[in-house]
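# Chain and residue survey
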Amino acid sequence: MTSQPAVLAANPVLRVPPAAPAAAAAYFGASLAFHADVSDVAAALAADGDPGFVLLDSRSTASWDQGHIPGAVHLPTALIAEQAPGLLDPAVPVVTYCWGPGCNGAARAALALAELGYRVKEMLGGFEYWAREGFAFETWQGAERRDADPLAAPAGADDCGC
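Below you will find a few notes about this structure. (Residues numbered from 1 in each chain as written. Predicted model: local features only at pLDDT ≥ 70, side-chain atom pairs only at ≥ 80, totals over all residues. Heavy atoms only, no water.)

It is worth spelling out the environment of Leu116 at this point. Counting through the fold element by element, Leu116 comes out in the loop between α6 (105-115) and β5 (120-124). Look past the residues within four positions of Leu116 in its chain and what remains in contact with it is Ile80, Ala81 and Ala84. (Helix = DSSP H or I, 4+ residues; strand = E, 2+ residues; numbered from the N terminus. Contact = heavy atoms within 4.5 Å.)

Next up, the structure:
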């Protein structure tokens with residue numbers, strides 16, 4: 001019987017060993033198939049031409065008015081089943097967002113869209129990280145932009161290097 005070295009057994013990070021490389025590649029590949037991050041969405045929207053997806057804000061009208069990403073489609077999750085077929089082309093992928101990491105509204109919206117046959121990703125970080133990373137947004141009063149939070153985006157750089 002082989003036992004783990006004492007250091008591994010005592011270390012909470014390695015108490016459950018890392019997955020085999022093939023399993024890790026499958027998991028992280030799947031994760032990227034389901035998620036996009038704020039800076040990648042911003043770069044795609046800022047590039048010339050069609051980004052190849054529709055960005056969908058799944059929050060309430062009050063939340064939308066408080067702040068939303070320019071060019072996003074507003075479709076609250078509760079209305080997706082009824083209104084998505086008239087608003088969205090099933091051939092175009094949809095990227096959903098809600099408030100932020102503490103909210104699972106974008107995941108609920110993505111589920112509702114997937115159940116209707118749409119290809120969908122969730123934007124990690126939601127509106128919170130869009131604003132925290134210093135990207136422009138719109139409110140009921142007009143356009144706004146905040147300085148990037150140095151804990152969420154690199155200070156003075158357009159690219160985090162990820």
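Turning next to the pattern of salt bridges. For the coordinates displayed, the defined rule picks out 3 salt bridges. Between Glu128 and Arg132 there is a salt bridge, and its shortest N-O distance comes to 3.4 Å. Placement of the pair is Glu128 and Arg132 together in helix α7 (residues 126-132), with a separation of 4 residues, close to one helical turn. Relative accessible area serves as the criterion here: at 22%, Arg132 is assigned to the partly exposed category. Between Arg132 and Asp149 there is a salt bridge whose closest N-O contact spans 2.6 Å. Of this pair, Arg132 sits in helix α7 while Asp149 sits in the segment after β7 (142-144); the two residues are 17 residues apart in sequence, bridging distant segments of the chain. (Salt bridge = Lys/Arg side-chain N within 4 Å of Asp/Glu carboxyl O. Buried < 20%, exposed > 50% of the residue type's maximum accessible area, 1.4 Å probe, protein only.)

In this section: the pairing of strand β2 (residues 54-57). Direction of pairing for β2 relative to strand β4 (residues 94-97): parallel, over a ladder of 4 bridges. Its bridge partner being in β4, Val54 is matched across the sheet by Val94. Direction of pairing for β2 relative to strand β3 (residues 73-74): parallel, over a ladder of 2 bridges. Opposite Asp57, over in β3, you have His74 as the bridge partner. (Pairing = 2+ DSSP bridges.)

One pass over the full model with this rule turns up 4 aromatic pairs. Their ring planes at 85 degrees and their centres at 4.9 Å tell us that Tyr27 and Phe28 sit as a pair that is edge-to-face. Relative accessible area serves as the criterion here: at 55%, Tyr27 is assigned to the exposed category. Since its relative accessible area comes to 52%, Phe28 is described here as exposed. Centre to centre, the rings of Phe127 and Phe137 are 5.2 Å apart; their planes meet at 85 degrees, and the pair counts as edge-to-face. Taken together, the residues span a long stretch of sequence, with Phe127 in helix α7 and Phe137 in strand β6 (residues 137-139) at a distance of 10 residues. The two residues Phe127 and Phe137 agree in class, both being buried. Grouping aromatic residues by their ring pairs yields a cluster made of Trp99, Phe127 and Phe137. Positioned above the aromatic ring of Phe127 is the side chain of Arg59, whose terminal nitrogen or guanidinium carbon lies 5.0 Å from the ring centre. A cation sits over an aromatic face here: Arg132 above Tyr129, 4.7 Å from the ring centre. (Phe/Tyr/Trp six-rings, centres within 6.5 Å; stacked < 30°, edge-to-face > 60°. Lys NZ or Arg CZ within 6 Å of the ring centre and 35° of its normal.)

With that settled, consider the sheet that holds β4. Taken together, 5 strands build an open sheet; the order of strands is β1-β5-β4-β2-β3 and the sheet is parallel. With partners counted over all chains shown, the strands left at the sheet margins are β1 (35-37) and β3, one partner each. The pairing of β4 with β5 spans 3 bridges and is classified as parallel. Paired with Thr96 across the two strands is Glu122, which belongs to β5. Each of β1 and β5 touches helix α2 (residues 21-34); the most contacted strand, β5, lies at about 90 degrees to it. In the packing of α6 onto the sheet, contacts are made with β2, β4 and β5, and the angle to β4 comes to roughly 150 degrees. (Axes fitted to C-alpha atoms, helices over the stretch in contact; angles between N-to-C directions.)

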